[in-house]
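Examination of the molecular architecture
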Amino acid sequence: MPDNLPELRDIHLPDGVSIFPLAYGWWLILLTLLAIVSLYYIVRLLYIKSKKRYALRLLASASEQKSLNSAASMSEILRRICIYKYPQAIVLIGQQWVDFLNDHSKSKLDKKTAELLIEAPYLPEKSNRFSDEDMMSLYIFCRNWIGENL
């Protein structure tokens, strides 16, 4: 029998398969994941902004009433926001309510506007105690407060 061993060679394994360049399927999966994450953040941003827009629309409609009821409506809008964001503030009344609003705002309520916010629900409709400037300053404060807290 002839000796064939010198003609045998070692087994040579092929080079390993590299992960790069990625195949088209992997690019598609990466782009899909990126699109899903981007869509999530866009929807979340719109959801947050929509609460603010809704509150500002309610505030604008409340300020068009031009009566003491509009001050009570503005206070109600602020309380509705507190139900969502600051549940501990729902039970506050009077000066505690004003102090809470001032603590969570850069601009503070002046004394006359604070009195309007506190006393407006209890005054008769024809009362001349507060002027239109007081109502306007309350509206501006409420708009700023909503912008800062929602």
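In this report, we go over the structure that sits alongside the text. All values derive from a computational prediction rather than experimental measurement.

1. Re the packing of aromatic side chains
With the rule as written, the count across this model stands at 4 aromatic pairs. With a centroid separation of 5.4 Å and an interplanar angle of 80°, the aromatic rings of Tyr-86 and Phe-100 are classed as edge-to-face. Remark: Phe-100 occurs in helix H3 (residues 94-103) and Tyr-86 occurs in the loop between helix H2 (68-85) and H3; sequence separation between them is 14 residues. On the basis of relative accessible area, Tyr-86 is assigned to the buried category, the value being 13%. In this structure Phe-100 comes out as buried when scored by relative accessible area, which is 7%. Among the aromatic residues, those joined into a cluster by ring pairs are Tyr-86, Trp-97, Phe-100 and Trp-145. Across from the ring centre of Trp-97, 4.0 Å away, lies the NZ or CZ of Arg-79, which sits over that ring.

2. With respect to the packing of H3 against helix H4 (residues 111-119)
Axis separation between H3 and H4 bottoms out at 9 Å; the angle between their running directions is 125°. Considering their axes alone, H3 and H4 lie oblique with respect to each other. The crossing of H3 and H4 is right-handed. Taking contact as the criterion, the partners of Gly-94, Gln-95, Trp-97, Val-98 and Leu-101 in H3 are, on H4, Ala-114, Leu-117 and Ile-118.

3. Some remarks on the pattern of salt bridges
Scanning the entire structure with this criterion turns up 2 salt bridges. Of the charged contacts in the structure, one is a salt bridge between Glu-115 and Arg-129, with a shortest N-O distance of 3.8 Å. With Glu-115 in helix H4 and Arg-129 in the loop between H4 and helix H5 (132-149), this pair connects stretches of sequence that are 14 residues apart. Residue Glu-115 is classed as partly exposed on the basis of its relative accessible area, which comes to 23%. A salt bridge links Glu-119 to Arg-129; the shortest N-O distance between them is 2.3 Å. With Glu-119 in helix H4 and Arg-129 in the loop between H4 and H5, the pair connects residues that are 10 residues apart, well separated along the chain. Given the relative accessible area of 39%, Arg-129 is considered partly exposed.

4. A few points about the packing of H2 against H5
Two elements in contact, H2 and H5, have axes separated by 10 Å at closest approach and are oriented at 15°. Our classification of the angle between H2 and H5 gives roughly parallel. Here the hand of the crossing between H2 and H5 comes out left-handed. Contacts between H2 and H5 involve Leu-68, Ser-70, Ala-71, Met-74, Ile-77, Leu-78, Ile-81, Cys-82 and Lys-85 from the first element and Met-135, Leu-138, Tyr-139, Cys-142, Trp-145, Ile-146 and Asn-149 from the second. Residue composition of the contact of H2 with H5, by class: 13 nonpolar, 2 polar and 1 charged.

5. Some thoughts on the side chain of Lys-51
In this fold, Lys-51 is placed in helix H1 (residues 24-63). The side chain of Lys-51 is buried and forms no salt bridge, while Glu-76, the nearest opposite charge, is found at 18 Å. For Lys-51, the residues in contact, after removing those within four places along its chain, are Tyr-84 and Leu-150.

Basis of the calculations
- The numbering scheme is per chain: residues are counted from 1 as the chain's sequence reads.
- Only residues with pLDDT of at least 70 get local features here, since the model is predicted, and only at 80 or more are side-chain atom pairs given and counted; chain-wide, interface and lining totals rely on the full set of residues.
- Excluded from the side-chain calculations are hydrogens and water; all other atoms, namely the structure's heavy atoms, are used.
- Classification of ring pairs rests on two measures: the distance between centres of Phe, Tyr or Trp rings, Trp counted by its six-membered ring, which must be within 6.5 Å, and the angle between planes, read as stacked under 30 degrees, edge-to-face over 60 and tilted in between.
- Counting from the N terminus, the helices are DSSP H or I runs at least four residues long and the strands are E runs at least two residues long.
- Relative accessibility under 20% of the residue-type maximum defines a buried residue, over 50% an exposed one, and the middle range a partly exposed one, all with a 1.4 Å probe and only protein chains included.
- Remark: a charge is flagged as sitting over a ring if the NZ atom of Lys or the CZ atom of Arg is within 6 Å of the ring centre and within 35 degrees of the ring normal.
- For every element, the axis is a line fit to its C-alpha atoms; helices are fit only across the contacting stretch, and the angle between N-to-C directions ranges from 0 to 180 degrees.
- By definition in this entry, angles of less than 35 degrees are roughly parallel, angles greater than 145 are roughly antiparallel, angles of 65 to 115 are roughly perpendicular, and the rest are oblique.
- Handedness of a helix crossing follows the sense of rotation of the near helix relative to the far helix, less than a right angle counterclockwise being left-handed and clockwise being right-handed.
- Should any heavy atoms of two residues lie within 4.5 Å, those residues are considered in contact.
- Here a salt bridge means any side-chain nitrogen of Lys or Arg lying within 4 Å of a carboxyl oxygen belonging to Asp or Glu.
- Three classes are used, and their members are as follows: Ala, Val, Leu, Ile, Met, Phe, Trp, Tyr, Cys and Pro are nonpolar, Asp, Glu, Lys and Arg are charged, and the others, Gly among them, are polar.
- The convention is simple: Lys and Arg are positive, Asp and Glu are negative, and His and the chain ends are not counted.

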